[in-house]
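Here's the letter readout for the chains.
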Amino acid sequence: MLPTALSSVAVRHSPRPPGWARALRRPPRPPAQLLFGLALTAVLTAIGLRAGGGLSPSPTTKVEIALDLAGGVLGALAILAASERRFWGGATLVAFALLALLCAVSITWAVQPSDAWLETNRTVAYVAVLGAGIALARLAGDWWRALLGALLASATLISTWALLSKIFPGAFAADEVYARLREPYDYWNAVGLTAAMGVIPALWLGARRHGHGAISALAYPITGVLIVTLMLAYSRGALLALALGCATWFLLVPLRLRGAAVLAAGATGGLLVTAWAFSKDTLTTDRVPLDARITAGRELGIAVLAMVIVLLAVGLAAGFAAARRAPSPTVRRRAGGTILTALGLVPVIAVVALALSDKGLSGSVSSAWKSLTDPNDKTQVSNDPSRLTKVGSVRAKYWNESYKIFATSPWKGAGAGGYATARARFRQDSLAVRHAHGYVVQTGADLGVAGLTVSLILLVAWLGAAGRTVGLRALPAALRRRLPGRLGAVPPPRPWTAERVALATLFALVVSFGVHSTVDWTWYVPGTVVPALLAAGWLAGRGPSNEQPARPEGTWAALRAGARSPWRVGAAALAAAFALAAAWSAWQPLRSINAGNEALAALGEGAKGRDRALELAREARDRNPLSVDPLFELAAIESAAGRRDEAREALEDAVRLQPSNPATWLRLAEFELTSDPQRALRLLKAALHLDPHSPTGTRAYLEARRILLARAQAAADRRAAQRGGAAGRAMRQQGERRP
């Protein structure tokens, strides 16, 4: 009875927390920054999963429209939010807008104007993303934790989706024929890039001094998952991007010991799982039967799950150990110096290894350089894990073709998106390659010197803005402070606050994307571009980190104050109108494609659907007057109706619209093949001049020659028969005259 009485007294006299009843009735509201981070995570993940590889018109267009509208809304809000702060990032945004304008102008000379329109829509949407990053930094710069968390979470979710396609192939990728991870982008290098960019914010999460220790411990298993994803994608470009991105982070951020622990533990766990996976043929061989892939996937899932559990335990143990006894400043400095020294020794070790190889240093370097740059190099790089240790690549062939396209029109190029069409004239194979696999070579081929110049201006503007934000200008001063006999006045060091560490992490993430863009072309994959541009825009729009960031709490008052300014209201309305125009422009090519598909479907309904099909084909042509596809569809409909003259006119309009496109000449030649093979032969000569290695054009050319030869032989036989008949009649007449 006594314990019960004491407990009742204790309960009766214990102070109750104020408002406990209200707390039971209404759960506490999540912080606004957390909601913002979750919403941004959902948006970035949805973009990556929905847009996929960026080559499917319908989902890509819908994502671009959403980006245009979101960028317009955020831009209008940033303009209305009256502030005394300088509008940081304006030069970067103007330079990017100038690149989009150049893409739009290139429609007038593009070899493929419809593709130039698509590239313009894509670039405008990316300008909106950069502007959205600038606007968010201006409206909610204090929520940088949510931004980094969203970048990390979205990369982890997309990488997990890619791994699930390997672990559960029956549910996620039943028809997959390749062993390399390529879901959800349908391109393995883009998957590897997403994982590589995710490792950078994982370093920040595990190395930060502020925040809950259990949340920071998640960086260890996340890094392991990202490493496994990257390695199973067999992407050498992503490995290079990861290496230089991490090197940038360790060079800038003073939390090197914590970051090294995250990277070392995560990489060890990820590489152990990868080594096991590489030993399984069912996980690394193409065209494996589904039942074998399912069995191997279960084993991989168990290995990944075990790795996650072990790394989570390691992360928690490391966090508890650091909390109990943090390393002294001397230990941290020595560890940081050791890490930087180890990074510096990597190229030295590589040079020594090459010097001790069979070919020697000069021979190895010469052979590697030849494999990378010689378009005729015969080095075979298989589509298996062994490619990670080889230097050869087919990119030299694509880059050589880009240079030839650039040489034909060095100042303005072939027009935005023109590489795929223009390369047909210079290719030595029959492969259909859409991109040059590198930003510099692609831009040089598409936009020439003009595009390269604008891109350089954009790069310089962003580096200046990001360097100002991160405080890179203080690095020379820091070096001067270490020199004996300091020269001149040295400004005081800028402290490495938690926000400055986060901003340096964003900078390293953008560097990793830029490095990968140099050796590969993932510009058309929104899932990789949007996070990088959002981070780049935030860096450009944040301004110097020693200034106080924008706090969202005062946004509503700032908006009301800005609404009283006529010029701000006008500028915001102009931004919204531009966003609507951009969304409308992005929608038109998709509307044209949909109308064309409906026209072909109506054509299959017989005579009743021909009039409807003709009307839809004309609508498709009106919606996208730059594309030849509606003209091809119109020709097919007219030909089905027996109106060959109208069909021929539509195909001739296609040739006039895109005279540098071999497909237009080939379509018209195929139309004339049976009725007028002589004209078809002349048309095919033009098509083969633009695409000498076209299998379809070659077959059509041989068929035209065969028809002409057959007709010539038939005519000769007729003439011979006629001569034979005349000779016979003459002989009969002579016989009749004889007595």
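Starting from 1, residues in each chain are numbered consecutively following that chain's sequence as written. At least 70 in pLDDT is required for a residue's local features to be given in this predicted model, at least 80 for side-chain atom pairs to be given and counted, and no such filter applies to totals for whole chains, interfaces and linings, which use all residues. Calculation of side-chain values draws on the structure's entire complement of heavy atoms; hydrogens and water are dropped beforehand.

1. Describing the overall build of the chain
Here's step 1: The numbering of helices and of strands both runs from the N terminus, where a helix is a DSSP run of H or I of at least 4 residues and a strand a run of E of at least 2. Along its length, the chain carries 31 helices and zero strands.
Here's step 2: Taking the intrachain contacts of the chain between residues at least 6 apart in sequence as the baseline, contacts between residues at least 24 apart amount to 75%.
Here's step 3: Looking at the chain as shown, the accessible area adds up to about 36,500 Å², and 64% of this sits on carbon and sulfur atoms. A contact between two residues is defined here by any heavy atoms of the two lying within 4.5 Å. Exposure was quantified through the Shrake-Rupley algorithm and a 1.4 Å probe, taking into account, for residues, occlusion by the shown protein chains and nothing else.

2. Looking at unusual backbone geometry
Here's step 1: Going from Glu183 to Pro184, the amide bond is cis rather than trans, its omega being 5 degrees.
Here's step 2: Position of Pro184 among the secondary structure elements: in the loop between helix H8 (169-172) and helix H9 (188-207).
Here's step 3: At Asp186, a position not held by glycine, the phi torsion is positive, near 65 degrees.
Here's step 4: Relative to the elements of secondary structure, Asp186 occurs in the loop between H8 and H9.
Here's step 5: At Tyr234, a residue that is not glycine, the phi angle is positive and equals roughly 55 degrees.
Here's step 6: Mapped onto the elements, Tyr234 comes out in the loop between helix H11 (219-232) and helix H12 (236-252).

3. Quick word on the nonpolar core
Here's step 1: Ranked by size, the top nonpolar core spans 132 residues in total, and within it Phe96, Trp249, Leu300, Trp462, Leu506, Trp538 and Leu539 carry the most contacts.
Here's step 2: Sequence-distant contacts of Leu506, defined by excluding residues within four places in its chain, comprise Leu147, Leu148, Leu151, Ala535, Trp538 and Leu539.
Here's step 3: Residues grouped as a nonpolar core are buried Ala, Val, Leu, Ile, Met, Phe, Trp, Tyr and Cys residues, joined through side-chain atoms within 4.5 Å. The buried label goes to any residue with under 20% of its type's maximum accessible area, the exposed label to any with over 50%, and the partly exposed label to all in between, with areas taken from a 1.4 Å probe on protein chains only. Core analysis: the next-biggest nonpolar cluster, separate from the first, contains 30 residues, Ala617, Leu631, Ala650 and Ala680 among them.

4. A short note on the pattern of salt bridges
Between side chains of opposite charge, a pair can form as their charged atoms come close.
Here's step 1: Put simply, a salt bridge is a Lys or Arg side-chain nitrogen that is within 4 Å of an Asp or Glu carboxyl oxygen. Inspection of every chain in the model, using the stated rule, returns 16 salt bridges.
Here's step 2: Among the salt bridges present, the one from Arg648 reaches Glu672, with a minimum N-O distance of 2.6 Å. Remark: Glu672 occurs in helix H29 (residues 662-672) and Arg648 occurs in helix H28 (residues 644-657); sequence separation between them is 24 residues.
Here's step 3: For Glu672, a relative accessible area of 2% puts it in the buried group.
Here's step 4: Here Arg679 and Glu652 are joined by a salt bridge, their closest N and O atoms 2.9 Å apart. Of this pair, Arg679 sits in helix H30 (residues 677-690) while Glu652 sits in helix H28, placing them 27 residues apart in sequence.
Here's step 5: Linked by salt bridges that have partners in common, Asp645, Arg648, Glu652, Glu672 and Arg679 make up one network.

5. Details of the environment of Thr285
Here's step 1: For Thr285, the location among the structural elements is in the loop between helix H14 (281-284) and helix H15 (290-324).
Here's step 2: On the basis of relative accessible area, Thr285 is assigned to the partly exposed category, the value being 39%.
Here's step 3: Thr285 sits 100 residues away from Pro385 along the chain, and the two C-alpha atoms are 9.4 Å apart.
Here's step 4: In this structure the side chain of Thr285 is engaged in a polar contact, spanning 2.7 Å, whose partner is the backbone oxygen of Asp281. Counting of polar contacts relies on pairs of N or O atoms within 3.5 Å, with two restrictions inside protein: one atom must be capable of donating a hydrogen and the other of accepting it, and residues adjacent in sequence are counted only when both atoms are side-chain atoms.

6. A short note on the packing of helix H5 (residues 90-105) against helix H20 (residues 439-470)
Here's step 1: Orientation is described by lines fitted to C-alpha atoms, with helices fitted over the stretch in contact, and by angles between N-to-C directions that extend from 0 to 180 degrees. Orientation of H5 relative to H20, taken along the N-to-C sense of each, is 170 degrees, at an axis distance of 8 Å. Between H5 and H20, the angle falls in the class roughly antiparallel. Contacts between H5 and H20 pair Ala91, Thr92, Ala95, Phe96, Leu98, Leu99, Leu102 and Cys103 from the former with Tyr439, Leu447, Ala450, Gly451, Val454, Ser455, Ile457, Leu458, Ala461, Trp462 and Ala465 from the latter.
Here's step 2: Partitioning the contact of H5 with H20 into residue classes produces 16 nonpolar, three polar and no charged. Roughly parallel here means an angle under 35 degrees, roughly antiparallel means over 145, roughly perpendicular means 65 to 115, and every remaining angle is called oblique. Under the scheme applied, nonpolar residues are Ala, Val, Leu, Ile, Met, Phe, Trp, Tyr, Cys and Pro; charged residues are Asp, Glu, Lys and Arg; polar residues are all the others, including Gly.

7. Observations concerning the packing of aromatic side chains
We describe a pair of aromatic rings using the distance from one ring centre to the other and the angle between the two ring planes.
Here's step 1: A pair of Phe, Tyr and Trp rings is counted when the ring centres sit within 6.5 Å of each other, with Trp represented by its six-membered ring. The angle between the planes then sorts it: under 30 degrees is stacked, over 60 is edge-to-face, the rest tilted. Within the structure shown, the criterion is met by eleven aromatic pairs.
Here's step 2: Ring geometry for Tyr234 versus Phe278: centroids 5.8 Å apart, planes at 70 degrees, classification edge-to-face. Of this pair, Tyr234 sits in the loop between H11 and H12 while Phe278 sits in helix H13 (residues 256-278); the two residues are 44 residues apart in sequence, bridging distant segments of the chain.
Here's step 3: With 5.5 Å between their ring centres and 80 degrees between their planes, Trp584 and Trp587 make a pair best called edge-to-face.

8. Focus: H11
Here's step 1: For H11, with 14 residues, the first-to-last C-alpha span of 20 Å sits near the 20 Å given by 1.5 Å per residue.
Here's step 2: Here H11 lies mainly inside the structure; 14 of its 14 residues are buried.
Here's step 3: Immediately beyond the C-terminal end of H11, within one or two residues, lies Tyr234, with a positive phi of roughly 55 degrees. Under the convention used throughout, the expected extent of a helix is 1.5 Å for every residue step, that is, one less than its residue count.

9. Re the environment of Pro566
Here's step 1: Of note, Pro566 is situated in helix H25 (residues 566-603).
Here's step 2: Between the C-alpha atoms of Pro566 and Leu80, which are 486 residues apart in sequence, the distance is 9.9 Å.

10. Observations regarding the side chain of Glu499
Here's step 1: Along the chain, the position of Glu499 falls in helix H22 (residues 498-519).
Here's step 2: Judged by its relative accessible area of 8%, Glu499 falls in the buried class.
Here's step 3: Excluding its chain neighbours within four sequence positions, the residues that come into contact with Glu499 are Gly141, Trp144, Arg542, Ser545 and Pro549.

11. Comments concerning the packing of helix H26 (residues 607-623) against helix H27 (residues 629-640)
Each packed pair of helices is defined by two parameters, the angle between the axes and the distance between the axes.
Here's step 1: Here H26 crosses H27 at 160 degrees, and the two axes come no closer than 9 Å. As summarised for this structure, H26 and H27 are arranged roughly antiparallel, according to the angle between their axes. Once H26 is placed against H27, the crossing between them reads as left-handed. Counting all contacts with H26, which are made through Arg610, Ala613, Leu614, Ala617, Arg618, Ala620 and Arg621, the residues of H27 involved are Pro630, Leu631, Glu633, Leu634, Ile637, Glu638 and Ala640.
Here's step 2: Taken together, the residues that form the contact of H26 with H27 break down as nine nonpolar, no polar and five charged. Handedness of a helix crossing follows the sense of rotation of the near helix relative to the far helix, less than a right angle counterclockwise being left-handed and clockwise being right-handed.

12. Quick word on H28
Here's step 1: Its 14 residues give H28 an end-to-end C-alpha distance of 20 Å, which sits within 8% of 20 Å, the value for a rise of 1.5 Å per residue.
Here's step 2: Residues of H28 that are buried include every one of Ala647, Ala650, Leu651, Ala654 and Val655, and no others. Taken around the axis of H28, the buried residues stretch over an arc of 145 degrees, which confines them to a single face. For H28, exposure combined with an orientation more than 90 degrees from the buried face picks out Asp645 and Arg656. In this description, one arc is meant: the one made by directions from the helix axis to the C-beta atoms.

13. Overview of the side chain of Ser592
Here's step 1: By the element assignment, Ser592 lies in helix H25.
Here's step 2: In this structure, Ser592 is in contact with Ala620, Arg623, Asn624 and Pro630, ignoring residues within four places of it in sequence.

14. Quick look at the environment of Leu255
Here's step 1: Within the secondary structure, Leu255 is located in the loop between H12 and H13.
Here's step 2: Linking Leu255 and Val501, residues 246 residues apart in sequence, is a C-alpha distance of 8.5 Å.
Here's step 3: Excluding residues within four positions of it along the chain, Leu255 makes contact with Ala207, Arg208, Arg209, Trp249 and Val501.

15. Focus on the confidence of the model for the chain
Here's step 1: Overall, the predicted model of the chain reaches an average pLDDT of 83, with 83% of residues at or above 70.
Here's step 2: A residue's pLDDT is simply how confident the predictor is in it, with values from 0 to 100. Ranking the helices and strands of the chain by mean pLDDT puts H11 first, with 95, and helix H1 (residues 2-13) last, with 39.
Here's step 3: Note that pLDDT drops below 50 for residues 483-487; the model gives that stretch three contacts with residues more than four away or on any other chain.

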